[in-house]
Amino acid sequence: MPSTDTRRAPLAGARQLIADEGFAVCMLIAVTAAAILAFGFDATSDIVVAMLTVGAVTALAETRLHKRG
């Protein structure tokens, strides 16, 4: 009989996504690029937040595409 706990499945999926090595590497690259912009080029916080958002979306997309193939 399948579990009726609907909160457990999304949490398990999120935990598996974060534990994936590809996701972690992409996020590390995004954080590194944002840190270089922030400290090296004295970028504004808007640019740093935008870089982190783009990195997170790219990491998510890459992880999902690799799981399909």
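Since the model is a prediction, treat every value here as computed from it, not as a measurement.

### A closer look at the overall build of the protein
So, point 1. A count of helical and extended segments in the protein gives 3 helices and 0 strands.
So, point 2. Secondary structure elements in the protein, listed N-terminal to C-terminal, are α-α-α.
So, point 3. A total of 69 residues make up the protein; the buried ones form 13% of that total.
So, point 4. Accessible surface, the protein: about 5,600 Å² in total, of which carbon and sulfur atoms supply 67%.

### Side note on helix α2 (residues 21-40)
So, point 1. In a regular helix each residue adds 1.5 Å, so 20 residues correspond to 28 Å; α2 covers 28 Å between its end C-alpha atoms and thus fits that length.
So, point 2. Within the sequence span of α2, burial applies to Phe23, Cys26, Ala30 and Ala34. Seen along its axis, α2 keeps its buried residues to an arc of 75 degrees; they face one direction. For α2, exposure combined with an orientation more than 90 degrees from the buried face picks out Glu21, Leu28, Ile29, Phe39 and Gly40.
So, point 3. Looking one or two places after α2, you find Asp42, whose phi comes out positive at around 55 degrees.

### Observations concerning unusual backbone geometry
So, point 1. Here the phi dihedral of Asp42 falls at roughly 55 degrees; this positive angle occurs in a residue that is not glycine.
So, point 2. Take Asp42: it is sitting in the loop between α2 and α3 (45-68).

### Points about the confidence of the model for the protein
So, point 1. Residue-level pLDDT values for the protein average 75, and 70% of them are 70 or greater.
So, point 2. Within the protein, the element-level pLDDT minimum falls on helix α1 (residues 8-19), averaging 65, and the maximum on α3, averaging 81.

### Let's talk about the environment of Thr58
So, point 1. Along the polypeptide, Thr58 turns up in helix α3.
So, point 2. For the pair Thr58 and Met27, spaced 31 residues apart in sequence, the C-alpha to C-alpha distance is 8.7 Å.

### Here's the deal with the packing of α2 against α3
Packed helix pairs are specified by the crossing angle of their axes together with the interaxial distance, meaning the distance between the axes.
So, point 1. Two elements in contact, α2 and α3, have axes whose closest approach is 9 Å; the angle formed by their N-to-C orientations is 165 degrees. Judged on the interaxial angle alone, α3 and α2 are roughly antiparallel. Considering the relative orientation of α2 and α3, their crossing is right-handed. For the pair α2 and α3, the contacting residues are Gly22, Phe23, Cys26, Met27, Ala30, Val31, Ala33, Ala34, Leu37 and Ala38 in the first and Ile47, Val48, Met51, Leu52, Gly55, Ala56, Ala59, Leu60, Glu62 and Thr63 in the second.
So, point 2. Looking at the contact of α2 with α3, its residues break down into 16 nonpolar, 3 polar and 1 charged.

The rules behind the values
- Residues numbered from 1 in each chain as written.
- Predicted model: local features only at pLDDT ≥ 70, side-chain atom pairs only at ≥ 80, totals over all residues.
- Heavy atoms only, no water.
- Helix = DSSP H or I, 4+ residues; strand = E, 2+ residues; numbered from the N terminus.
- Buried < 20%, exposed > 50% of the residue type's maximum accessible area, 1.4 Å probe, protein only.
- Areas by Shrake-Rupley, 256 points an atom, 1.4 Å probe, with all protein chains shown as cover.
- Expected span 1.5 Å × (residues − 1).
- Arc of directions from axis to C-beta.
- pLDDT = per-residue confidence, 0-100.
- Axes fitted to C-alpha atoms, helices over the stretch in contact; angles between N-to-C directions.
- Parallel < 35°, antiparallel > 145°, perpendicular 65-115°, else oblique.
- Left-handed = near helix turned anticlockwise from the far one by under 90°.
- Contact = heavy atoms within 4.5 Å.
- Nonpolar A, V, L, I, M, F, W, Y, C, P; charged D, E, K, R; others polar.

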